[in-house]
Amino acid sequence: MQQHHYVRYVRWFDEVGLDDLALVGGKNASLGELVEAMGDTIKVPEGFAITVDGYRDMVDMNGLWQRIMAVLDGTNWRDPKVTGAASTKLRKMINTAPLPQGLVTDIEIAYQRLERKFGRGVAVAVRSSATAEDSPGASFAGVHESFLNVRSAKALMEAVRNCFASLFSERAIAYRIDNGFAHRAVALSVGVQRMIRADRAASGVIFTLDTESGSRDVVLISGVWGLGEAIVQGIADPDEFLVHKQTLKRGFEYVLRRRIGAKQVKLVYGSRADAGHTKWQKVPKKLRVMQCVTDAEILDLARQAVQIEEHYSAYYGTPMPMDIEWAKDGPKGDLCIIQARPETVHASADKAMLKLYRLTGDGPVVVSGQAVGQGISEGVVRFVACKEDLAHLEEGDVLVAETTAPDWESAMKRASAIVTEHGGRTCHAAIVAREHGIPAIVGATGARKLLKPGQEVTVSCAEGETGKVRDGHVSFAIDTVDVGHIRPANVEIMVNIGNPDLAFRTSALPVAGVGLARIEFIIANAIRAHPMALLFPERVKSAKVQRALASLTMGYSDGGDYFASKLAEGMAVIAAAFYPRPVIVRTSDFKSNEYASLLGGDDFEMAEANPMLGFRGAARYSHPAYQPAFELECAAIRQVIEDMGLTNLIVMIPFCRSLHEANKVLGIMARCGLNRGENGLKVYVMCEIPSNVILVDDFAKLFDGFSIGSNDLTQLTLGIDRDAEILASAFDEEDPAVLRLIEQAIAGAHRAGRHCGICGQAPSDRPGFAGWLIERKIDSISLNPDSVLEVMQRLANHDENPNALRR
């Protein structure tokens, strides 16, 4: 440890650490820990802490405690009509009280030392650091004041005084009461840190977990142009990037997912004429559509975040996900860490208890945005434009605002849900909502125009990363399950998934992996265009569609790059969420009418009388009308496995009618660099056509496993179009002929030592069918997420009493 001459009220960051929380508060203790323990690899701007003795001596010297406690004890802090005046009175006591002369001198000497090193009038950030703040049990996020671009000793003294006074803001007092902190037990230190020129570059927030699901397998990085207050205040919609920890540690340097935010405005330094204050500027359109940091910088930040998490986990002796603030210095390009604190919401959650929300009804979607949390709530819309409007916010109302402010927090807890027009998953509204378990939707553009005051709505954050506000009351259910009490069944239970946005929350289920990942969802919702139209836009007849394709692919080298990159991203998110559990990804199985509905699809698809039995599956992959597109699918798969290191991905070929088709498809895959058996690559086939069963021994020589598709197998065995309503009653997956084929498929796969599973709804809906499959020694049953827990419990009971589920 370096030794510096210091006086009583000041400690430089390299002189303190996590053991000094009582002296310099959580924020400063954490900064000191980063400098002292990790300074060789983590860049932290220089600075010092004003110890809590400065605050305490100021209060004692002026005899304030008796007066302060009289106001605190004599005020009903639940009554918004009186709290404002009481808070103002308390803060005035602090702001008008003289500071101890020794404190003033020590601050001046410390600031002069920074000036000698970095120049006269060096800009500093002045941040409150309470003794209970940024600890594993409480974040105090946004509760106390911070001041940016302070550029003189006089201005610094005033900022310090205002930080002291912020202990008695309405939100700080309410936070202490709600979290059981005695007012007198919490003291305030102040951190003074050299500001780097992030106003000329970018800054943001890092969480070493997925903020909504709590999954600890990823690093979530958000960023905006300029200073980070634009994120915290929810004024600008940030970029978001995901990095997978486990593959990063194995040397695979790849950004798992990118979401480019609008980044409408940025906060920059004000001029000296503005007394050193900050000011807002509009971001040029060119910068708004660009990433605010490069992929290399994203990976650098992720590595630093993982390193910080590992250090804190070792210090506390338990896994410790982190909430970190970063900034990039424009002139130098340095990436610096300016704050780090333990994440408090998911860290304290009971991981054995799963609380699953699901809609059981439906209604028209009025507005959507980014989901915060996984809950569903309903209530009456209440617009809030300023703090005074909070007086009209009733218990259970849905708070709708452009953005929220820190001093709204005590009232925000009354809301059943929160909807803001701006912000990302790390803005103030999101942090407060997450901390109090309130569903929130941020970045809901136009919410105040589309919603009406007094309108009854249902707010759902249970449908993936997109939160939706539906008109009226929509019924929903809540399932609370103790995962630790679910007995494993005598078969692997897997899950079906299509939407990558649901991957991390679904991965919390106690399943063996993904039995069916449908890429059609990614193509329809993330890509939105026909792959052949992307490859050959000149063959698209409509000029309007050509323009739409050009707009989609902006920023990519060509349409093929766009398709492969987007598809790889979606598959990678699913594979990462379940890593290292196996994820079986089925290549595209759209029918011709479904392909035609994609952008540009009309120019590449022919009308078929019965698309269900037409140009689909393996036959499509080797046909000149689609083979170039299938090669893009192969390129995306190869990218996920080889470039991203997600080797848990298993490829599955659908609707393969013959051995000839199988060999052609495997040949194309091999030419695309996907050689079955090479680097552990497994290729499965859907067993959904009677020919797959009749020739099961031959198919088993070409593929590593089978997944029974009971819907198609039933329609082709019984000769019933599964879409024919008039024959719906005759469509029976438990028909003796269908069961005979399924039994033969399982036995044939096992003869060859191949895996055999089933993916479909039948085991969920038909208790007897699931039990029958287990008796035939099926290897895995893959279910929709909402059926997993119920079926697991049912099958565990079947293992104890096999006769209970027999047909």
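Residues numbered from 1 in each chain as written. Predicted model: local features only at pLDDT ≥ 70, side-chain atom pairs only at ≥ 80, totals over all residues. Heavy atoms only, no water.

Peer 1: Let's hear about the overall build of the protein: which residues, and what values?
Peer 2: Check the secondary structure of the protein and you find 30 helices and 30 strands. Against the 2.2 N^0.38 benchmark of 28 Å for 807 residues, the protein shows a C-alpha radius of gyration of 30 Å, consistent with a compact globule. Taken over the C-alpha atoms alone, the protein extends approximately 95 × 55 × 50 Å along its principal axes. Per-residue burial over the protein gives 57% buried out of 807 residues. The contacts in the protein between residues at least 6 apart in sequence include a share of 69% that link residues at least 24 apart. Total accessible area on the protein stands at roughly 31,600 Å², and carbon and sulfur atoms take up 50% of it. When the 89 basic and 100 acidic side-chain charges of the protein are each reduced to a single mean position, those positions are 4 Å apart. (Helix = DSSP H or I, 4+ residues; strand = E, 2+ residues; numbered from the N terminus. Rg over C-alpha atoms; globule rule 2.2 N^0.38 Å. Buried < 20%, exposed > 50% of the residue type's maximum accessible area, 1.4 Å probe, protein only. Contact = heavy atoms within 4.5 Å. Areas by Shrake-Rupley, 256 points an atom, 1.4 Å probe, with all protein chains shown as cover. Lys, Arg positive; Asp, Glu negative; His and termini not counted. Charge placed at Lys NZ, Arg CZ, Asp CG, Glu CD.)

Peer 1: Describe helix α22 (residues 627–643), listing the residues and the values that go with them.
Peer 2: Given a rise of 1.5 Å per residue, 17 residues ought to cover 24 Å, and the 23 Å separating the end C-alpha atoms of α22 matches this to within 8%. By the burial criterion, the buried members of α22 are Gln-627, Ala-629, Phe-630, Leu-632, Glu-633, Cys-634, Ala-636, Ile-637, Gln-639, Val-640 and Ile-641. Where the residues of α22 are buried, they touch α17 (531–535), α19 (559–578), α20 (592–596), α21 (618–621), β26 (649–653) and α23 (659–671). In the stretch just after α22, Gly-645 is the one whose phi turns positive, near 75°. (Expected span 1.5 Å × (residues − 1).)

Peer 1: Summarise helix α6 (residues 153–165); cite the residues concerned and give the values.
Peer 2: An ideal rise of 1.5 Å per residue puts 18 Å on 13 residues; α6 measures up with 19 Å between its terminal C-alpha atoms. Leu-156, Met-157, Ala-159, Val-160, Arg-161, Cys-163, Phe-164 and Ala-165 are the residues of α6 that are buried.

Peer 1: Tell me what's going on with the side chain of Gln-455, and back it up with residues and numbers.
Peer 2: Residue placement: Gln-455 occurs in the loop between α14 (447–450) and β20 (456–460). You can call Gln-455 buried: its relative accessible area is 15%. Within the structure, Gln-455 has its side chain in polar contact with the backbone nitrogen of Lys-452 (distance 2.9 Å). Leaving out residues up to four positions away in the same chain, Gln-455 has contacts with Val-366, Gly-379, Val-380, Val-381, Leu-450 and Asp-471. (Polar contact = N/O pair within 3.5 Å; in protein donor to acceptor, adjacent residues only side chain to side chain.)

Peer 1: So what's going on with the pairing of strand β10 (residues 265–269)? Which residues, and what values?
Peer 2: With five of its five residues buried, β10 lies for the most part within the structure. Bridge count for β10 against strand β11 (residues 278–282) is five bridges, and the pairing is antiparallel. The residue of β11 that forms the bridge with Val-268 is Lys-279. (Pairing = 2+ DSSP bridges.)

Peer 1: An account of the packing of aromatic side chains is needed here, citing residue identities and associated values.
Peer 2: The geometry of an aromatic ring pair comes down to the distance between the two centres and the angle between the two planes. With the rule as written, the count across this model stands at nine aromatic pairs. Arranged with centres 6.4 Å apart and planes meeting at 35°, the rings of Tyr-312 and Tyr-316 form a pair that is tilted. Linking Tyr-312 with Tyr-316, this pair stays in helix α11 (residues 295–316), spanning four residues, or about one helical turn. Note on Tyr-316: relative accessible area 29%, which makes it partly exposed. Each ring, one from Phe-590 and one from Tyr-595, has its centre 5.1 Å from the other, and the planes form 75°; the classification is edge-to-face. Within the aromatic cluster, the residues linked to one another by ring pairs are Tyr-312, Tyr-315 and Tyr-316. Above the face of the Phe-118 ring, Arg-194 is positioned so that its terminal group lies 4.4 Å from the ring centre. For Arg-616, the ring lying beneath its charged end belongs to Phe-655, and the centroid distance is 3.8 Å. (Phe/Tyr/Trp six-rings, centres within 6.5 Å; stacked < 30°, edge-to-face > 60°. Lys NZ or Arg CZ within 6 Å of the ring centre and 35° of its normal.)

Peer 1: Tell me about the pairing of strand β23 (residues 492–497), and name the residues and values.
Peer 2: Burial runs high along β23: five of the six residues are buried. Pairing between β23 and strand β30 (residues 780–783): four bridges, direction parallel. If you follow Glu-492 over to β30, its bridge partner there is Ser-780. Looking at chain direction, β23 and strand β24 (residues 514–518) are connected through three bridges and run parallel. Bridged to Val-495 within β24 is Val-514.

Peer 1: Provide a residue-level description of unusual backbone geometry, including the pertinent values.
Peer 2: In this model, Tyr-579 is joined to Pro-580 through a cis peptide bond whose omega is 5°. With respect to the helices and strands, Pro-580 occurs in the loop between α19 and β25 (583–586). The backbone of Phe-655 shows a phi angle near 45°, a positive value even though the residue is not glycine. The phi torsion at Asn-679 lies on the positive side, around 55°, for a residue other than glycine. For Asn-679, the location among the structural elements is in the loop between α23 and β27 (683–687).

Peer 1: Provide a residue-level description of the sheet that holds strand β21 (residues 466–471), including the pertinent values.
Peer 2: Read once around its circumference, the closed barrel built from seven strands follows the order β15-β19-β18-β17-β16-β20-β21, with strand pairing classed as mixed. Neighbouring strand axes in the sheet, compared pairwise and without regard to direction, differ in orientation by 35° on average. One ladder, built from four bridges, connects strand β17 (residues 398–401) with strand β18 (residues 417–420); its direction is parallel. Looking at β18, one finds that Val-398 is bridged to Ala-417. (Axes fitted to C-alpha atoms, helices over the stretch in contact; angles between N-to-C directions.)

Peer 1: Could you give me a rundown of the confidence of the model for the protein, with the residues and numbers involved?
Peer 2: Per-chain confidence: the protein averages 91 in pLDDT, with 95% of residues scoring 70 or above. Within the model, pLDDT remains below 50 along residues 1–6, and this stretch shows 11 contacts once partners closer than five positions in the same chain are excluded. (pLDDT = per-residue confidence, 0-100.)

Peer 1: Can you lay out the nonpolar core for me, pointing to particular residues and giving the numbers?
Peer 2: Core analysis: the largest hydrophobic core is formed by 111 residues, its most contacted members being Leu-256, Met-571, Met-669, Ile-708 and Ile-781. Looking at which element gives the most residues to this core, the answer is α19, with 13 residues. Sequence-distant contacts of Ile-708, defined by excluding residues within four places in its chain, comprise Cys-687, Leu-713, Ile-742, Ala-745, Ile-746, Cys-756, Gly-757, Ile-758, Cys-759 and Ile-778. Counting 47 residues, the second-largest nonpolar core is a separate cluster that includes Trp-77, Val-124, Ala-165 and Leu-188. (Core = buried A, V, L, I, M, F, W, Y, C linked by side-chain atoms within 4.5 Å.)

Peer 1: Now, about the side chain of Glu-421: what can you tell me, with residues and values included?
Peer 2: One can find Glu-421 in the loop between β18 and α13 (428–436). Setting aside its immediate chain neighbours within four residues, Glu-421 contacts Ala-401, Glu-402, Gly-443, Ala-444, Thr-445, Gly-446, Ala-447, Arg-448 and Lys-449.

Peer 1: Help me get a handle on the sheet that holds β25, residues and values and all.
Peer 2: Spatially, the eight strands close up into a barrel ordered β23-β24-β25-β26-β27-β28-β29-β30, and their pairing is parallel. When the angles between neighbouring strand axes are averaged without regard to direction, this sheet yields 30°. Set on the sheet, helix α27 (residues 736–751) makes contact with β27, β28 (705–708) and β29 (755–759); between it and β29 the angle comes to about 150°.

Peer 1: Quick rundown of the pattern of salt bridges? Include the residues and the values.
Peer 2: Within the structure shown, the criterion is met by 40 salt bridges. A salt bridge links Glu-325 to Arg-341, with the nearest nitrogen and oxygen atoms 3.3 Å apart. Highlighted residues: Glu-325 in strand β12 (residues 322–328) and Arg-341 in strand β13 (residues 335–342), separated in sequence by 16 residues. Accessibility expressed as a relative area gives 7% for Arg-341, which makes it buried. Here Glu-421 and Arg-448 are joined by a salt bridge, their closest N and O atoms 2.9 Å apart. (Salt bridge = Lys/Arg side-chain N within 4 Å of Asp/Glu carboxyl O.)

Peer 1: An account of the packing of helix α4 (residues 80–96) against α6 is needed here, citing residue identities and associated values.
Peer 2: Running from N to C, α4 and α6 cross one another at 145°; their axes reach a closest spacing of 9 Å. Of the two possible hands of crossing, α4 and α6 adopt the one that is right-handed. Here Arg-91, Ile-94 and Asn-95 of α4 come into contact with α6, specifically with Arg-161, Asn-162, Phe-164 and Ala-165. Among the residues making up the contact of α4 with α6, the classes are represented as three nonpolar, two polar and two charged. (Left-handed = near helix turned anticlockwise from the far one by under 90°. Nonpolar A, V, L, I, M, F, W, Y, C, P; charged D, E, K, R; others polar.)

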